[in-house]
Amino acid sequence: MVSIDLFRDGMARLAGAVNVITTDGPKGFAGITATAVCSVTDQPPTLLTCVNRSSYAHGFFSGNGVLCVNVLAADQQHLAQLFADRNISMPERRARVSARTLETGSPALDDALVSFDCRIVQQQSLGSHDLLICEVQAVKAGDAATGLTYFLRNYHPVGSATPAPAEAHSQNNARCA
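The paragraphs below set out a description of the structure included in this document.

Basis of the calculations
Residues numbered from 1 in each chain as written. Predicted model: local features only at pLDDT ≥ 70, side-chain atom pairs only at ≥ 80, totals over all residues. Heavy atoms only, no water. Phe/Tyr/Trp six-rings, centres within 6.5 Å; stacked < 30°, edge-to-face > 60°. Lys NZ or Arg CZ within 6 Å of the ring centre and 35° of its normal. Buried < 20%, exposed > 50% of the residue type's maximum accessible area, 1.4 Å probe, protein only. Helix = DSSP H or I, 4+ residues; strand = E, 2+ residues; numbered from the N terminus. Arc of directions from axis to C-beta. Contact = heavy atoms within 4.5 Å. Pairing = 2+ DSSP bridges. Axes fitted to C-alpha atoms, helices over the stretch in contact; angles between N-to-C directions.

Some points on the packing of aromatic side chains
Here is step 1 of the chain: Counted under the stated rule, the structure contains 3 aromatic pairs.
Here is step 2 of the chain: It is Arg 94 that lies over the ring of Phe 29; its NZ or CZ is 5.8 Å from the centre.

Structure (structure tokens):
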């Protein structure tokens, strides 16, 4: 088996979109920064995210049964850092952001590149994390044209302020398996 350090160094070379995952409900508000988000299927629209079971926020996600995946725009690195800082309380994090709720009551951050408002339909434990399988209830697209990625342990912008022509988009609209 490969060492944890070698695995982590390898994963640092896998660029990932930077997301702030939020929840609110009977257990209260919580939010974390995560790159572990991916599409599962579009019938029904479903995605998955992973949350460390030792995280203070874990119980909020499980207890509320809902979450919102907020994909950050390139100029929102400060939000990634805010929700990753263990020294900032959940109420203080909530007070520092502007958000509105969609279908589930989870905060959709204003100016996010896109927000996926979800109900958690399945939870699977694996190692130190829980995989949360989530059906998307609503989507709110923002106006930003560039996203924020995390690569080699640093934040980087991705995308173009000028969208590709429609014909180039349709030719390059390949699906990943």
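Brief notes about helix α3 (residues 77-84)
An α-helical turn contains 3.6 residues, so a residue and the one three or four places further along point in the same direction.
Here is step 1 of the chain: Of all the residues in α3, the buried ones are Leu 79, Ala 80, Leu 82 and Phe 83. In a view along the axis of α3, the buried residues occupy a sector of 165°, so they form one face of it.
Here is step 2 of the chain: Looking at the buried positions of α3, the neighbouring elements they touch are β2 (19-23), β3 (30-34), α4 (90-95), β8 (107-109) and β12 (154-159).

Some remarks on the sheet that holds strand β4 (residues 37-42)
Here is step 1 of the chain: Pairing within the open sheet is antiparallel, and its 7 strands lie in the order β3-β2-β6-β9-β10-β5-β4. The open sheet has two free edges, formed respectively by β3 and β4, since each of these has just one partner strand. Strand-to-strand twist across the sheet, computed as the mean angle between neighbouring axes with direction ignored, equals 30°.
Here is step 2 of the chain: In the sheet, β2 pairs with β3 via 5 bridges, with the strands oriented antiparallel. Following the sheet pairing, Thr 23 is matched in β3 by Ala 30.
Here is step 3 of the chain: The strands that α3 touches are β2 and β3; relative to β3, the one it contacts most, it runs at about 115°.

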